[in-house]
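# Close look at the chain arrangement
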Amino acid sequence: NGGDLCANADWPRRGLDLQGDKLPLALLVPYLPERADGRPWALNGDIDLTAQVRPVGNAWRGSARLTSAAGGVRNTARARRDLLSYRDLVLDATFDPQKINATLGAVFDDDGRIDARIATGWDDYAPLDGELKLATDELTWMELLSPDIVEPTGRLDVDLRLGGTRAQPQIGGDGRLQAFATELPALGLSLQDGDVRLDAQADGSAKITGRVRSGEGVLAVDGTLGWKDQDTPLVLNLHGSNVLLSDTRQLRAVANPDLVVRYRAGAPLQVTGSVTVPEADI
């Protein structure tokens, strides 16, 4: 596919040397999760890779460096612009019989930035230390999450820290999505003034608070995200007054929701509560 991958090995006596030049990102497509809209992933760009692995007694040590000048993800292969783009990506990783270290850095969507670091060991009880920082005011990549979202705008800032052990990780820090706006054409809606915060707590959970305007009403949300609770890791309380839920030729509806939403992976979404509809045209 236009790239070169070479390996020199005297395995296992001397180890392995790996060199890759201009490897297409499209090679990753078979390993990516299925998109919500069912469309195939459209990746552009290429990567360069160097890696070395050497024997150390009965174990191994090594290093790897992955770089990419630029690349991105598009909605379809024929699309003219990237929904998610990056440049100057650098991933460095080293390992030995006791520890693993990795760092990642890249410019994200023109003027944004993503940086990550992790240090840990091989065992479940190995200490975990790391951080993730992301800042961007380009949110078009959200269109990849749902086919109903069009032209999202706003700013996203994330500053998370990892601690604890591999078996029992602890997450601290915060994240904020502010000045959020987007169109939902299928429902005829225009969401405005969105502001959502996530604040990690010392007990292994995160507090979620936020609001977004739809029509003349405001939908507010508060809840928790439990990193350790496998029964119901996500609980959200949704409430509002005169919230526009649909504004199409078939249905115009204004509602006062008072709901509790519970979700965990692999289980149906649970919704309880009430929705009062003061006005609707069908």
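What comes next concerns the included structure.

Let us now look at the overall build of the protein chain. Along its length, the protein chain carries 0 helices and 17 strands. Taken along the three principal axes of its C-alpha coordinates, the protein chain extends 75 × 45 × 30 Å. Expressed as a percentage of its 282 residues, the buried residues of the protein chain come to 31%. Partitioning the contacts of the protein chain with sequence separation of at least 6, the portion at a separation of at least 24 is 38%. Accessible surface, the protein chain as shown: approximately 17,000 Å² in total, 54% of it carbon and sulfur. Separation of charge centres in the protein chain, based on 30 positive and 41 negative side chains, amounts to 4 Å.

Turning to the nonpolar core, a few remarks are in order. Formed by 17 residues in total, the largest nonpolar core has its most connected members in Leu139, Trp141, Met142, Leu156 and Leu177. Of all elements in the fold, only β5 (84-95), β6 (100-108), β9 (150-164) and β10 (169-184) reach the threshold of two or more residues within this core. Considering every element that reaches this core, the biggest residue donor is β9, with 3 residues. Apart from residues lying up to four places away in sequence, Trp141 is in contact with Leu83, Leu84, Phe108, Asp109, Thr136 and Leu156. Grouped together as the second largest cluster of nonpolar side chains are 7 residues, Ile149, Leu189, Leu191 and Val254 included.

Another aspect to go through is the environment of Asn237. The topology assignment puts Asn237 in strand β14 (residues 234-241). Since its relative accessible area comes to 25%, Asn237 is described here as partly exposed. Expressed as a C-alpha distance, the spacing of Asn237 and Leu128, which sit 109 residues apart in the sequence, is 32 Å. Those residues in contact with Asn237, other than ones at most four positions away along the chain, are Ala220, Val221, Asp222, Gly223, Leu259 and Val260.

Looking at where Thr209 falls in the secondary structure, it is placed in strand β12 (residues 205-214). Expressed as a C-alpha distance, the spacing of Thr209 and Asp195, which sit 14 residues apart in the sequence, is 8.4 Å. Apart from residues lying up to four places away in sequence, Thr209 is in contact with Asp195, Val196, Arg197, Val221 and Asp222.

Following the criterion strictly, the structure yields 17 salt bridges and no others. A salt bridge links Lys99 to Asp96; the shortest N-O distance between them is 2.6 Å. By relative accessible area, which is 15% here, Asp96 ends up buried. The partner of Arg161 in a salt bridge is Asp159, and the shortest N-O contact between them spans 3.8 Å. Exposure remark for Arg161: the relative accessible area of 42% places this residue in the partly exposed category.

Positive phi, close to 55 degrees, is recorded for Ala179, a residue that is not glycine. Relative to the helices and strands, Ala179 resides in strand β10. The exposure class of Ala179 is exposed, given its relative accessible area of 58%. A positive phi angle is found at Asn242, which is not glycine, with a value near 55 degrees. With respect to the element layout, Asn242 can be found in the loop between β14 and β15 (243-247). For Asn242, a relative accessible area of 38% corresponds to the partly exposed category.

What follows covers the packing of aromatic side chains. The geometry of an aromatic ring pair is captured by two quantities: the separation of the ring centres and the angle between the planes. A full pass over the atoms with the stated rule returns 1 aromatic pair. On the basis of an interplanar angle of 90 degrees and a centroid distance of 6.2 Å, the ring pair of Phe95 and Trp122 is categorised as edge-to-face. With Phe95 in strand β5 and Trp122 in the loop between β7 (112-120) and β8 (129-136), the pair connects residues that are 27 residues apart, well separated along the chain. By relative accessible area, Phe95 is classed as partly exposed at 27%.

Conventions we followed
Numbering of residues begins from 1 in every chain and follows the order in which that chain's sequence is written. For a predicted model such as this one, the threshold for reporting local features is a pLDDT of at least 70, and the threshold for listing and counting side-chain atom pairs is 80 or more; totals across whole chains, interfaces and linings nevertheless cover every residue. For the side-chain quantities, the full set of heavy atoms in the structure was used; hydrogens and water were omitted. Counting from the N terminus, the helices are DSSP H or I runs at least four residues long and the strands are E runs at least two residues long. For each residue, the accessible area found with a 1.4 Å probe, counting protein chains only, is set against the maximum for its type, and the residue is called buried under 20%, exposed over 50%, and partly exposed in between. Any pair of residues with heavy atoms lying within 4.5 Å of one another is described as a contacting pair. Surface accessibility follows the Shrake-Rupley procedure with a 1.4 Å probe radius. Residue values consider only the protein chains on display as shielding. The positive count covers Lys and Arg only, the negative count covers Asp and Glu only, and His and the chain ends enter neither. Charge positions come from single atoms, namely NZ of Lys, CZ of Arg, CG of Asp or CD of Glu. For our purposes a nonpolar core is just a set of buried Ala, Val, Leu, Ile, Met, Phe, Trp, Tyr and Cys residues, chained together by side-chain atoms within 4.5 Å. In the sections that follow, a salt bridge refers to a side-chain nitrogen of Lys or Arg positioned within 4 Å of a carboxyl oxygen of Asp or Glu. For Phe, Tyr and Trp, where Trp contributes only its six-membered ring, two rings pair if their centres lie within 6.5 Å, and the inter-plane angle classes them as stacked under 30 degrees, edge-to-face over 60, or tilted in between.

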